[in-house]
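Spelled out from the first residue to the last, the chains are:
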Amino acid sequence: MSATAVVRNAQDLLDEAGLHGAFLVRDLDTGAEIGFDTETPYPAASLVKIPLAVAVLERVARGELDPATPVDVPPGRVTTPGPTGLSRFRHPARIAVDDLLYLSTCISDSVAADALFDLVPPAAVAAELRRLRVDGIAVRHRAGDLADTPAERLGPDEVHLAHSLAIGAATPGQGHPVAQLDVNRANAGSARAFVDLLHALWRPSTIHEAAATRVRALMGDNLHRQRLAPDFTSDASRWSSKTGTLLHLRHEVGVVEHADGQSYAVAALTASRVPAAAQPGSEATMAQVARSLHDHLRTGTMPWWG
C-alpha cells in the first residue's frame, strides 16, 4: 500500500470512530516520517507535563535545584472521577522534587505538577524550551487549570453536556469559550512539535543527557497504558509515553524502541465528536491508526510528509 493510501485509510478510520486528529511517526535515526495534519496545534492537556519535567530537570542538571528538596503540598481534595495521586489526597504531604516528577509524569498528578510549576513557572518552562531550541509548544498556565472546566460543575449524569459544549462551541480559528480548549490561550502544541521534543529527548543534543535520561525513564514508567500501549508494547519492544485527556480531547505521545535497535517517535492528538467521557473504541482506533503509520514506515518505504 502506498503512503498516500495508508494516510487516507488512517483518516477514514478516525472519521468512522467519530474522531479527527493529527498524527506523526518518525524514525529517530533516519528522520523518515509519515503523518497528517502535523502542524495543526491542539490544546496539550497533560502532555504539558513533559516539557515541565524537562525544565525542572535542566535546572537540576545545572545545580539550580536539588531533586531531594522536600516540598510541602496541600491536598487536592478532588472528588470528581479522573484525577489521580495528590489530587485526591485529603491531608497535606511533604514530597521531594524528584518524587513530584514521578507523580506528575507517570500518573499525571496535576497537584504534583503544580508544585513543580511553583518552582519553575509556566513562563520559565516556555523560556527553557526556547533555550533548548524546541519550538511549537506553548506553555501558558498551570496543570490545575485543567480541572476548572464545565465537567467539574456538573453531576456524573450530566458530563455529556460538558462534552457537547466542548465539541460544539469551537470556532473555525480553533478558538473556544472554554479557555483550556482555545489554542490561543491554552497550553498547546502540534504533533510535529511533540515529536521534535521526543526526538530531542531520545537523541539528546541541546537537552542535558542526565535530564533526557530521567525523562525517558519517567515516560517508560507511565501507568496510563490504555491508549496506544496495547499496540506498541511487546516482549520485543518498549513503549514510553505520556497521555493527555481533557473533555473530548484524547492524546498520547511516545517512543517505541524495538529490540533490533530501531526507534520511532509517535504523536497522536485527537478530538472526538461523540459527547461521552468513556470511549474505549476511540482509543483502540487511535492505536490502530498510529500502528498502521508506524508499520508502513518500518517496512522501509519512502517517507511521506502530510
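If you check an unreviewed UniProt entry, the protein appears there as Beta-lactamase class A from Micromonospora siamensis.

A. Structural view of the overall build of the protein. Within the protein, the regular secondary structure consists of ten helices and ten strands. Per-residue burial for the protein yields a buried fraction of 53% across its 306 residues. Sequence separation of at least 24 residues holds for 66% of the intrachain contacts in the protein that already meet a minimum separation of 6. Just so you have it, the protein exposes about 12700 Å², and 54% of that area is on carbon and sulfur atoms.

B. Local environment of helix H10 (residues 280–298). Counted at 1.5 Å a residue, the expected span for H10 with its 19 residues is 27 Å, and the 27 Å between its end C-alpha atoms agrees. Inspection of H10 places Ser282, Glu283, Thr285, Met286, Ala287, Val289, Ala290, Leu293, His294, His296 and Leu297 among the buried residues, and these make up the whole buried set. Where H10 is buried, its residues contact helix H1 (3–16), strand E1 (19–27), strand E2 (33–36), helix H9 (229–232), strand E9 (249–258) and strand E10 (263–272).

C. Summary view of the pattern of salt bridges. In total, this model carries 20 salt bridges according to the counting rule given. In this structure, Arg94 engages Asp72 in a salt bridge whose closest nitrogen and oxygen atoms are separated by 2.6 Å. Within this pair, whereas Arg94 is found in strand E5 (residues 93–96), its partner Asp72 is found in strand E4 (residues 70–73), the two being separated by 22 residues in sequence. Looking at Arg94, the relative accessible area reads 60%, which means it is exposed. Judged by its relative accessible area of 53%, Asp72 is exposed. A salt bridge links Arg142 to Asp114, with the shortest nitrogen-to-oxygen separation between them at 3.8 Å. A residue pair is termed long-range when its members are at least 10 positions apart, and Arg142 in the loop between strand E6 (137–138) and helix H6 (159–168) and Asp114 in helix H4 (residues 110–119) qualify at 28 residues.

D. Expanded view of the packing of aromatic side chains. For the structure on display, the rule yields two aromatic pairs. Aromatic pair Phe23 and Phe36: ring centres 5.5 Å apart, planes at 25°, arrangement stacked. You can see Phe23 sitting in strand E1 and its partner Phe36 sitting in strand E2, a full 13 residues away along the chain. Of the residues examined, Phe23 reaches a relative accessible area of 0% and is grouped as buried. Ring centres of Phe232 and Trp239 lie 4.8 Å apart, and the angle between their planes is 15°; this geometry places the pair in the stacked category.

E. Unusual backbone geometry, seen in detail. Within the chain, Asp37 stands out as a residue other than glycine whose phi angle is a positive 50°. Here Asp37 shows up in the loop between E2 and strand E3 (41–43). The backbone of Ala45 shows a phi angle near 50°, a positive value even though the residue is not glycine. Tracing the backbone through its elements, the reader meets Ala45 in the loop between E3 and helix H2 (49–61).

F. Seen up close, the nonpolar core. Membership of the largest hydrophobic core comes to 68 residues, with the highest contact counts inside it found for Leu86, Leu100, Leu201 and Ile207. Once you skip the residues sitting within four places of it in the chain, Leu201 turns out to touch Ile50, Val54, Ile207, Ala212, Val215 and Arg216. Within the second largest apolar cluster, 26 residues are counted, among which are Ala3, Phe23, Ile34 and Ala290.

G. Region of the structure containing H2. Over its 13 residues, H2 runs 18 Å from end to end, which matches the ideal 18 Å to within 8%, given 1.5 Å per residue. By the criterion of burial, H2 is predominantly enclosed, with ten of the 13 residues buried. Along H2, the positions that sit buried rather than exposed are Lys49, Ile50, Pro51, Leu52, Ala53, Val54, Ala55, Val56, Leu57 and Glu58. Positive backbone phi, approximately 80°, marks Gly63, located one or two places after H2.

H. Inspection of the environment of Val97 at higher detail. Locating Val97 in the fold gives a position in helix H3 (residues 97–106). Residues Val97 and Leu119, 22 residues apart in the sequence, show an inter-C-alpha distance of 9.3 Å. Look past the residues within four positions of Val97 in its chain and what remains in contact with it is Val56, Asp66, Pro67, Thr69, Val71, Leu116 and Leu119.

I. Inspection of the side chain of Glu283 at higher detail. Here Glu283 is to be found in helix H10. Residue Glu283 is classed as buried on the basis of its relative accessible area of 10%. Those residues in contact with Glu283 that lie beyond four places of it in its chain are Gln226, Arg227 and Arg250.

What counts, and where the lines are drawn
- Residues numbered from 1 in each chain as written.
- Predicted model: local features only at pLDDT ≥ 70, side-chain atom pairs only at ≥ 80, totals over all residues.
- Heavy atoms only, no water.
- Helix = DSSP H or I, 4+ residues; strand = E, 2+ residues; numbered from the N terminus.
- Buried < 20%, exposed > 50% of the residue type's maximum accessible area, 1.4 Å probe, protein only.
- Contact = heavy atoms within 4.5 Å.
- Areas by Shrake-Rupley, 256 points an atom, 1.4 Å probe, with all protein chains shown as cover.
- Expected span 1.5 Å × (residues − 1).
- Salt bridge = Lys/Arg side-chain N within 4 Å of Asp/Glu carboxyl O.
- Phe/Tyr/Trp six-rings, centres within 6.5 Å; stacked < 30°, edge-to-face > 60°.
- Core = buried A, V, L, I, M, F, W, Y, C linked by side-chain atoms within 4.5 Å.

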